[in-house]
Amino acid sequence: MTSEAPRPILYHCPDARSLRCLWAVEEAGIAVDLRVLKFPPRAFEPDYRAVNPLMTIPGWVEDGRLMTESAAICERIAPFKCPRSVDVIDALPRNASGKILRKDLRAPYWAGYARMVN
């Protein structure tokens, strides 16, 4: 039996600040336990006080720790989608009018493949 790490929990209300956290989670492709609450939770979700005494949204619980600031939660999510590498080049390939030749820029990364996917 494999022991899988518990998924982070995101407490979310529709049309609230937690939407940016939900968007970041979806963009990063992270599996979370999404708990959708009625807004405002102070009035409609009394059990949420046990999770977040301030009763604010969003709430992010990971490894038993609570985060409630949406920008900080997004910053926490960001490392999940870090690039594998960053390459520095001397100059961008350009045509005579100065337009960047994106196909030429991508060519080294697609070497050895049957086709380039844009």
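All values reported here derive from a predicted model rather than from experimental measurement.

### Considering the nonpolar core
Soluble globular proteins: nonpolar side chains tend toward being buried together. Within the largest apolar cluster, 11 residues are counted, these being Leu10, Cys21, Leu22, Ala24, Val25, Ala28, Ile30, Val32, Trp60, Ile73 and Ile77. The dominant element in this core, judged by the number of residues it contributes, is helix α1 (residues 18–28), at five residues. With residues near it in sequence (within four places) discarded, Ala24 still touches Cys74 and Ile77. Residues Leu37, Tyr48, Ile57 and Val61 belong to the second largest nonpolar core, which totals nine residues.

### Details of unusual backbone geometry
Omega for the bond connecting Phe39 with Pro40 falls within 30 degrees of zero, at -5°, which places this linkage in the cis form. Among the secondary structure elements, Pro40 is positioned in the loop between β2 (33–36) and α2 (41–44). Of note, the amide linkage connecting Ile57 to Pro58 takes the cis form, showing an omega dihedral of 10°. Counting through the fold element by element, Pro58 comes out in the loop between α2 and β3 (59–62). Although it is not a glycine, Met55 sits at a positive phi angle of roughly 60°. Within the element layout of this structure, Met55 appears in the loop between α2 and β3. For Asp63, which is not glycine, the phi dihedral falls at a positive 55°. Examined against the element boundaries, Asp63 turns out to sit in the loop between β3 and β4 (65–67).

### What about α1?
Of the positions making up α1, those classed as buried are Ser18, Cys21, Leu22, Ala24, Val25 and Ala28. End-on, the buried residues of α1 take up no more than an arc of 160°, which puts them together on one face. Within α1, the exposed residues directed more than 90 degrees away from the buried face are Trp23 and Glu26. Contacts from the buried residues of α1 go to β1 (9–12), β2, β3 and α3 (70–77).

Thresholds applied
Residues numbered from 1 in each chain as written. Predicted model: local features only at pLDDT ≥ 70, side-chain atom pairs only at ≥ 80, totals over all residues. Heavy atoms only, no water. Core = buried A, V, L, I, M, F, W, Y, C linked by side-chain atoms within 4.5 Å. Buried < 20%, exposed > 50% of the residue type's maximum accessible area, 1.4 Å probe, protein only. Helix = DSSP H or I, 4+ residues; strand = E, 2+ residues; numbered from the N terminus. Contact = heavy atoms within 4.5 Å. Arc of directions from axis to C-beta.

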